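Here is what each chain is made of, one letter per residue.
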Amino acid sequence: MKALLFGFMEWSITDESTGEIKEGINLNYVSPDVYYENISGVTGLMPAKCKISQDFVKQHKLKNFDFPVSADLKFETTVTPKGKGVAVLTDITDVKPIKLFD
């Protein structure tokens, strides 16, 4: 899937009810292949994000990217333990820098 990647953000929150620390990394992008069905008033491309791991960041050298970039994203569908289908980002290829601002 072709996409425009804006960047990624590491996050950490503490669950107030359990005290458990939850951490992750969100990769932010837009793609004409992301559809927003049944949402009235949506026109054009809408931002999307996917959760990635620190290993994924290292493996694909995301910290070396000069965002924004265009890239091909590969997702695989899996099922959570609760039975919910989710798309998991498995690869980033054909990365090309985009000069939007001088």
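First things first, this report covers the structure right here in the doc.

### Overview of the nonpolar core
Step number 1: L5, I52, L89 and I92 are the most contacted members of the largest nonpolar core, which totals 17 residues.
Step number 2: Counting residues per element, the ones that place at least two in this core are β1 (2-14), β2 (21-30), β3 (48-52), α1 (54-59), β4 (69-79) and β5 (85-97).
Step number 3: Apart from the residues lying within four places of it in its own chain, the contact partners of I52 are I25, L27, V57, L62 and L89.

### As for the packing of aromatic side chains
Step number 1: In total, this model carries three aromatic pairs according to the counting rule given.
Step number 2: Ring geometry for Y29 and F75: centres 6.3 Å apart, planes at 40°, overall tilted. Residue Y29 is found in strand β2, and its partner F75 is found in strand β4; the two are separated by 46 residues along the sequence.
Step number 3: Judged by its relative accessible area of 6%, Y29 falls in the buried class.

### A closer look at the pairing of β2
Side-chain direction in a regular strand flips from residue to residue, so the side chains alternate between the two faces of the sheet.
Step number 1: When β1 meets β2, the two strands line up antiparallel, connected through 10 bridges. Following the sheet pairing, E10 is matched in β2 by I25.
Step number 2: Adjacent in sequence and paired antiparallel, β1 and β2 are bridged by six residues, among which G19 carries a positive phi angle near 80°.
Step number 3: Inspection of the sheet shows β2 paired to β3 by five bridges, in the antiparallel sense.

### Notes on the pattern of salt bridges
Step number 1: Taken as a whole and judged by the stated rule, the model has five salt bridges.
Step number 2: A salt bridge links K2 to D94; the nearest nitrogen and oxygen atoms lie 3.3 Å apart. Residue K2 is located in strand β1, and its partner D94 is located in strand β5; the two are separated by 92 residues in the primary sequence.
Step number 3: Taking relative accessible area as the criterion, K2 reaches 46% and is therefore assigned partly exposed.
Step number 4: Judged by its relative accessible area of 35%, D94 is partly exposed.
Step number 5: Note that K96 is salt-bridged to D94, the shortest N-O span being 3.5 Å.
Step number 6: K96 gets classed as partly exposed once you look at its relative accessible area, which sits at 43%.
Step number 7: If you follow the salt bridges from partner to partner, you end up with K2, D72, D94 and K96 in one network.

Thresholds, definitions, all that
Residues numbered from 1 in each chain as written. Predicted model: local features only at pLDDT ≥ 70, side-chain atom pairs only at ≥ 80, totals over all residues. Heavy atoms only, no water. Core = buried A, V, L, I, M, F, W, Y, C linked by side-chain atoms within 4.5 Å. Buried < 20%, exposed > 50% of the residue type's maximum accessible area, 1.4 Å probe, protein only. Helix = DSSP H or I, 4+ residues; strand = E, 2+ residues; numbered from the N terminus. Contact = heavy atoms within 4.5 Å. Phe/Tyr/Trp six-rings, centres within 6.5 Å; stacked < 30°, edge-to-face > 60°. Pairing = 2+ DSSP bridges. Salt bridge = Lys/Arg side-chain N within 4 Å of Asp/Glu carboxyl O.

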